[in-house]
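Coordinate analysis (summary)
Chain residues, written in single-letter form:
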Amino acid sequence: MARIEPIKTGRLELNPVKDSDAPGIFETRSDPDYGKYTGIPTYQSMEEASSYIQRLLGGFEDGTCFFWSIRSNGSYAGSICLWNISPDGREAELGYDLLKKFRGMGFIQEAIRGVLDFAFAKAGMERVMALPCIENIKSVASLESAGFFKVSQEGLYARYEMWPELYYKGKAQE
Ligand SMILES: CC(C)(COP(=O)(O)OP(=O)(O)OC[C@H]1O[C@@H](n2cnc3c(N)ncnc32)[C@H](O)[C@@H]1OP(=O)(O)O)[C@@H](O)C(=O)NCCC(=O)NCCS
């Protein structure tokens, strides 16, 4: 089973989430707009962020999730994760968010690529999927610009997938 590792991209540092990320996670998730497309209830207290982090740390131990903070010049900017990891470790679901002040700068595309490098080159994954709401235009556009392929749609939710052949073919063409 692969272990989570820090990831560096051009402008960002992705670090395995830790207790001290609670204020950043609370700031993101206490925003009343946050639940609109994520379906996550608005956080009311820092304790909710702290206990969420404790659950994530358990996932690091049993290999069911990888969760990184996204940092720009040392500041917490958001988070990105591979979760719902299949028992054989070959498939995972991608999730991500940015604090509002770090949006609109292409950070999430950069973080997604960093995590895909990790998933395919280090963790030996064979498929990464995402299930965005199709009304979440920026999320869908971020996945498409990272090269994800839309495989299906059910109601307002689309299933996007990426696998190593598609990813490295896209990289070769960059
Ligand atoms: C989803 C999220 C991480 C995207 O980050 P962002 O910094 O806001 O996204 P960007 O500004 O880089 O925009 C992403 C893409 O959408 C495009 N875009 C932005 N507004 C658009 C619009 N109105 N119509 C079409 N495309 C649009 C951008 O041009 C960009 O395309 P590119 O990747 O080809 O450059 C961020 O909005 C967020 O944290 N949202 C709340 C949590 C969330 O929804 N998470 C995802 C759950 S699936």
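Let me sum up the structure you'll find in this document.

This paragraph deals with the pairing of strand S8 (residues 157-162). The two faces of S8 differ: Ala158, Tyr160 and Met162 on one face are buried, but Tyr157, Arg159 and Glu161 on the other face are not. Where strand S6 (residues 127-130) meets S8, three bridges bridge the pair, whose relative direction is antiparallel. Across the sheet, Val128 pairs through a bridge with Met162, a residue of S8. Pairing analysis gives five bridges linking strand S7 (residues 149-154) to S8, with the strands arranged antiparallel. Its bridge partner lying in S8, Lys150 is registered against Tyr160. Between the end of S7 and the start of S8, which pair antiparallel, lie two residues, with Gly155 showing a positive phi angle near 60°.

Here the focus is helix H4 (residues 107-122). For H4, built from 16 residues, the straight-helix expectation of 22 Å at 1.5 Å per residue is met to within 8% by its first-to-last C-alpha distance of 22 Å. In the segment just after H4, Gly124 is the residue with positive phi, at about 70°.

In the region of the ligand, 20 residues are neighbours, and Asp97, Arg103, Pro132, Ala141 and Ser145 sit closest. For the shell around the ligand, the secondary structure elements donating two or more residues are helix H2 (35-38), strand S5 (91-98), H4 and helix H5 (137-145). Counting residues per element, the shell around the ligand draws most heavily on H5, which supplies six residues. Here the residues of the shell around the ligand are counted per class, giving nine nonpolar, eight polar and three charged.

The next subject is the sheet that holds S6. The strand order across the open sheet formed by eight strands is S1-S2-S3-S4-S5-S6-S8-S7, and the pairing between neighbours is mixed. Single-partner strands in this sheet number two, and they are strand S1 (7-8) and S7. Sheet analysis places S1 next to strand S2 (residues 12-16), joined by two bridges and oriented antiparallel. Bridge pairing in S2 places Lys8 opposite Glu13.

About the criteria used
- Residues numbered from 1 in each chain as written.
- Predicted model: local features only at pLDDT ≥ 70, side-chain atom pairs only at ≥ 80, totals over all residues.
- Buried ≥ 20, exposed ≤ 12 C-beta atoms within 10 Å, placed from the backbone.
- Helix = DSSP H or I, 4+ residues; strand = E, 2+ residues; numbered from the N terminus.
- Pairing = 2+ DSSP bridges.
- Expected span 1.5 Å × (residues − 1).
- Near = placed C-beta within 6 Å.
- Nonpolar A, V, L, I, M, F, W, Y, C, P; charged D, E, K, R; others polar.

Worth remembering: the numbers are spatial, not functional.
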